[in-house]
Structures are given as structure tokens and as C-alpha cells.
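One-letter residues, chain by chain:
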Amino acid sequence: MIKAGIIGATGYAGAELVRILLAHKDTEIVWYGSRSYVDQKFAKIYGNFFKLVDNICGGDDVAALAKEADVIFTATPQGFCASIINDEILSQTKIVDLSADFRLKDVSVYETWYKRTHEAPRYLDEAVYGLCEINREKVKHARLVANPGCYTTCSILSLYPLVKEGLINPDTIIIDAKSGTSGAGRSAKTANLFCEVNESIKAYGVTNHRHTPEIEEQLGYAAGRPILINFTPHLVPMNRGILVTAYASLTDPAVTEEAVRAVYEQYYGGETFIRLLDQDVTAETRWVEGSNYVDIGFRIDPRTRRVVVMGALDNLVKGAAGQAVQNMNLMFGLPETEGLLMPPVFP
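Below is a short write-up of the structure.

1. Considering the overall build of the protein
- In terms of regular secondary structure, the protein is built from 12 helices and 13 strands.
- The C-alpha radius of gyration computed for the protein amounts to 20 Å, which stays within 12% of the reference 20 Å derived for 347 residues, consistent with globular compactness.
- Projecting the C-alpha coordinates of the protein onto the three principal axes gives extents of approximately 60 × 45 × 40 Å.
- By residue count, 54% of the 347 residues in the protein fall in the buried class.
- Counting contacts in the protein only where the partners sit at least 6 residues apart, residues at least 24 apart contribute 71% of the total.
- Looking at the protein as shown, the accessible area adds up to about 14900 Å², and 51% of this sits on carbon and sulfur atoms.
- Treating the 34 positive side-chain charges of the protein as one cloud and the 42 negative ones as another, the clouds have centres 3 Å apart.

2. Comments concerning the pattern of salt bridges
- Tallied over the entire structure, the rule returns 16 salt bridges.
- With its nearest N and O atoms 3.3 Å apart, the salt bridge here joins Glu 214 to Arg 103. One end of the pair, Glu 214, is in helix H10 (residues 212-223); the other, Arg 103, is in the loop between strand E4 (94-97) and helix H6 (107-114), and 111 residues separate them in sequence. An identical accessibility class is assigned to Glu 214 and Arg 103; each is buried.
- In this structure, Arg 240 and Asp 314 form a salt bridge, with 3.0 Å as the shortest nitrogen-oxygen distance.

3. Points about the layout of surface pockets
- The computed volume of the second largest pocket comes to approximately 440 Å³.
- If you trace the second largest pocket, you find 21 residues lining it, with Tyr 12, Tyr 46, Ser 182, Asn 239 and Leu 316 closest to the centre.
- In terms of residue class, the lining of the second largest pocket is built from eight nonpolar, seven polar and six charged.

4. Looking at the sheet that holds strand E11 (residues 274-276)
- With mixed pairing, seven strands are arranged side by side in an open sheet as E8-E9-E7-E10-E13-E12-E11. The open sheet has two edge strands with one neighbour each: strand E8 (202-203) and E11.
- Sheet contacts for helix H11 (residues 257-268): E11, strand E12 (294-301) and strand E13 (306-313); angle to E12, the most-contacted strand, approximately 160°.

5. Examining the pairing of strand E2 (residues 27-33)
- The element E2 is largely enclosed, with a buried count of five among its seven residues.
- The pairing of strand E1 (residues 2-7) with E2 spans six bridges and is parallel. Opposite Gly 5, over in E2, you have Trp 31 as the bridge partner.
- Between the parallel elements E1 and E2, the chain passes through helix H1 (residues 12-22) in a crossover that is right-handed.

6. Thoughts on the packing of aromatic side chains
- Inspection of every chain in the model, using the stated rule, returns 10 aromatic pairs.
- Ring centres of Tyr 110 and Tyr 114 lie 5.1 Å apart, and the angle between their planes is 20°; this geometry places the pair in the stacked category. Here the residue Tyr 110 and the residue Tyr 114 both occupy positions in helix H6, the gap between them amounting to four residues, near one helical turn.
- Taking the relative accessible area as the measure of exposure, Tyr 110 reaches 1% and is therefore buried.
- A relative accessible area of 7% places Tyr 114 in the buried class.
- Considering the side-chain rings of Tyr 264 and Tyr 268, the 6.3 Å spacing of their centres and the 35° angle between planes classify their relative orientation as tilted. Placement of both Tyr 264 and Tyr 268 in helix H11 is noted, with a separation of four residues, approximately one turn of the helix.
- Residue class for Tyr 268 comes out buried when judged on its relative accessible area of 2%.

Rules and cut-offs
- Residues numbered from 1 in each chain as written.
- Predicted model: local features only at pLDDT ≥ 70, side-chain atom pairs only at ≥ 80, totals over all residues.
- Heavy atoms only, no water.
- Helix = DSSP H or I, 4+ residues; strand = E, 2+ residues; numbered from the N terminus.
- Rg over C-alpha atoms; globule rule 2.2 N^0.38 Å.
- Buried < 20%, exposed > 50% of the residue type's maximum accessible area, 1.4 Å probe, protein only.
- Contact = heavy atoms within 4.5 Å.
- Areas by Shrake-Rupley, 256 points an atom, 1.4 Å probe, with all protein chains shown as cover.
- Lys, Arg positive; Asp, Glu negative; His and termini not counted.
- Charge placed at Lys NZ, Arg CZ, Asp CG, Glu CD.
- Salt bridge = Lys/Arg side-chain N within 4 Å of Asp/Glu carboxyl O.
- 1 Å grid on protein atoms, 1.4 Å probe; cavity = no way out; pocket = protein on both sides within 12 Å on 5 of 7 lines; lining within 4 Å.
- Points joined across faces, edges and corners; volume = space filled by probe spheres on them.
- Nonpolar A, V, L, I, M, F, W, Y, C, P; charged D, E, K, R; others polar.
- Pairing = 2+ DSSP bridges.
- Axes fitted to C-alpha atoms, helices over the stretch in contact; angles between N-to-C directions.
- Right-handed = clockwise from strand over helix to strand, strands pointing away.
- Phe/Tyr/Trp six-rings, centres within 6.5 Å; stacked < 30°, edge-to-face > 60°.

Written as C-alpha cells, this is what we have:
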């Protein structure tokens, strides 16, 4: 039985980790860490766990937790994991960090986009970017995994095969993405109040959203060179979900939809959590809600000779907690799908 500790258990991603791990037959949650709710019952904060979780929330002493837990999930703001990590902790436990602290390999890029000094740059080379479908073998041998972000997971997986096989010019990529409000976290913010969000949609982080360099870095590995993209996220009035609509110019104007589909099948045909949609079916967030699945579809525009790729996932599951558990399964040699085969919820 894997003993798991969660720091940041009372955030949305942390609570989703609890929901998934409670149904994981090989895992026991031994720590519900929270700065805001120390000594309070977890089920008092999240009533959906009434009679399911009797535990009291503890603090965020990772050094102490490392002696007790086989794996620690840090569902915390940027900077926390980097501030506490050290060789002693990593010799005792494995860490899956849901923040951006170890996603970017270039410390100067991290510090520029996140406006903070990186406190543990010596671990950047060791950290494995935990996009399982692409870095599966590396994750299996990791002790520190940087769990990707929600926008990035959807964007990268939607485009990766086309970039890797050279079917598109990566410098022409434009990503238009939309997210439910849970992606902004649980802390009170005026911009996320019901009256501010309901009956509206808005772009934010235009030209400077922090997930941009993460997408560029990972797709740059696929392209074999640095790339630049346009990425614009939008906030929509729903609880969960990411929808990515990405555009790119084809390198061969004569390429057919059959050829594009063959490339997607080559990369994802055997993947449990990536569902390639039928021709003319577009991705919708409602069909992935509450699940670890990513739905991907595409269309070629014969007028412009551009491809339009559409991807959808649940930002709290495949975009956060579900992917973290998928990484944990790989790190401990378990079936990758353990605890994650719950079907999407509708309505």
C-alpha cells in the first residue's frame, strides 16, 4: 500500500486528489495538509466527503511528512515546492509537484514569467515533466515529477504528433483556449465572483500568460528547435473544463485528413486516456467532465491549408489531479490506469 500525503489538500486540485485516491486500491492517504484549515476536519471543508474522510487537516511540514509518506503531492502555489525540497526529502519520498516550479528547464525563463527567484534550480535537470503519454519511461524512474498545467496538457497533447512528424509549421501555431473558473483556484478573487463571471466570457493573460513558455518548450522538443506561439486563454462561466482550439499552417498543402489521422493513430491509438474523435466530431468539455480523458479532433481548412485542432479535458483531473495520480502509478510500477478509469459525468 502506497502512503500518500497531500500538501494543499483543501484547494480544488488537492480535493480532487482526495476524491481519486480514495478509490485507488493501492493507496492510503496519510496526510491532508493545509495552511488555511489546520486542525479542522477535512469533511467540514468539503461536505462531499462527509462520512468518507474523518481526518483532521495538518500543516505543511514536508520534512516530517517525508518520513511517513511514500509520495507527496504538492498542490500548492508557485514557489512552495522549490522552497522546501532538498536531498534528504528526496532520499525518503517521491514528489509530484502540481505547481510550475520544475516544469521549465531554464531558470531565467521561470523567473521572467513567474516574477520570482527560483529557490532550487539545482533540481531542474533532474525533474521529469510529467506528461505521461510523451515522457512515460522517464516518469517511471523519477523521484521528482513536475505535473503539467491544464492549458499546457491540452495544448501539447493536441498538437504534439503534428509537430513531431513535421506536418505543421510550429511557428504558425495559434492557440485559443478556454477554461472553467476552477482553474483560478479556490481563493477569493473579485474577478471570479459569480456576478463577475456569469453571462460573460473574457480573454486574459493576452500575450503574457505563464503557460506560454511551457507549451513552447515542450513543443520545441518535438520540433527539435525553439519555437514561438501565440497563446490566448479565456475564462468562461462553468466550473470545470478546458477547450483548446489550435490553428497551424500545413507544411505540405496536399496533405489529407486521412494522413493527419494516421499520424494521430500512430501516436495515440494505444493510449487509454486520449480519445481520437470521429471525423467531423468536435471536442466538447461536457464529454470529459470528471474524467482523466482528453478528447481530440481536427479539421483541415481546404481554403487556407491550415489545420484546426480541438482538444478538451477536465482541468482538475487530466489537467491536474488525475495526471498526478497517473504519474504516481508510473513511478511505483502500478498499472497506469489504476484509480483513473471513472467515466465522464453528464449532465
